[in-house]
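Remarks on the overall topology
Read off the chains here:
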Amino acid sequence: MLRATAVALLIMTAAPHARAQQAPLQDKPFAEHKIVLQLSDNDPRKQGLVLSVANNLMKHYDPDKVAIEVVAFGPGIDLLRPENPNRKMVESLVAQGARFDVCLNTVDTLEREHGKRPEFIAAATPVQVGVAQILFLTENGYTLVRP
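About the thresholds
- Residues numbered from 1 in each chain as written.
- Predicted model: local features only at pLDDT ≥ 70, side-chain atom pairs only at ≥ 80, totals over all residues.
- Heavy atoms only, no water.
- Helix = DSSP H or I, 4+ residues; strand = E, 2+ residues; numbered from the N terminus.
- Contact = heavy atoms within 4.5 Å.
- Buried < 20%, exposed > 50% of the residue type's maximum accessible area, 1.4 Å probe, protein only.
- Pairing = 2+ DSSP bridges.
- Right-handed = clockwise from strand over helix to strand, strands pointing away.

**Description of the environment of P82**
Relative to the assigned elements, P82 resides in the loop between β2 (66-72) and α3 (87-95). Placed 36 residues apart in sequence, P82 and P118 show a C-alpha to C-alpha distance of 9.8 Å. Those residues in contact with P82, other than ones at most four positions away along the chain, are R87, E119, F120 and I121.

**Considering helix α4 (residues 104-114)**
Among all positions of α4, only T106, V107 and D108 are buried. Downstream of α4 by a residue or two, G115 has a phi angle that is positive, lying close to 75°.

**With respect to the pairing of strand β4 (residues 124-127)**
As defined by bridge partners, strand β3 (residues 99-103) adjoins β4 across 4 bridges and the pair is classed as parallel. Looking at β4, one finds that F100 is bridged to A124. With respect to chirality, the unit in which β3 leads through α4 into the neighbouring parallel β4 is right-handed.

Here it is in structure tokens:
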């Protein structure tokens, strides 16, 4: 009985850590530059700037030579909604190897507030905690840029 209780406690304390895992690093073995772009605003100009920076980096460096990850959280996740006018640009950047992360904590909050889970484009990579993903990337050689 005591052993079963100890195992149950161990599982309960381990569960939050398993749930909050980050998305793995991009598989870009030849990337000489690694950039994480933070997007936490729903300002269309800020969205355009983030996309422009990502696009310019792809042009300046060969897409194989640069790893770009855009982490969207808070109001910034609107960039990854199907109706966003920048959808084609996001999908074009994903086709070139960029990754766009959507924060599931923000998604969960919106679902609680509105009673409906928001939809996102298929190109969006879900991460449990957007800020934790940024921290994970910076700890693994990425440079944080907040346009």
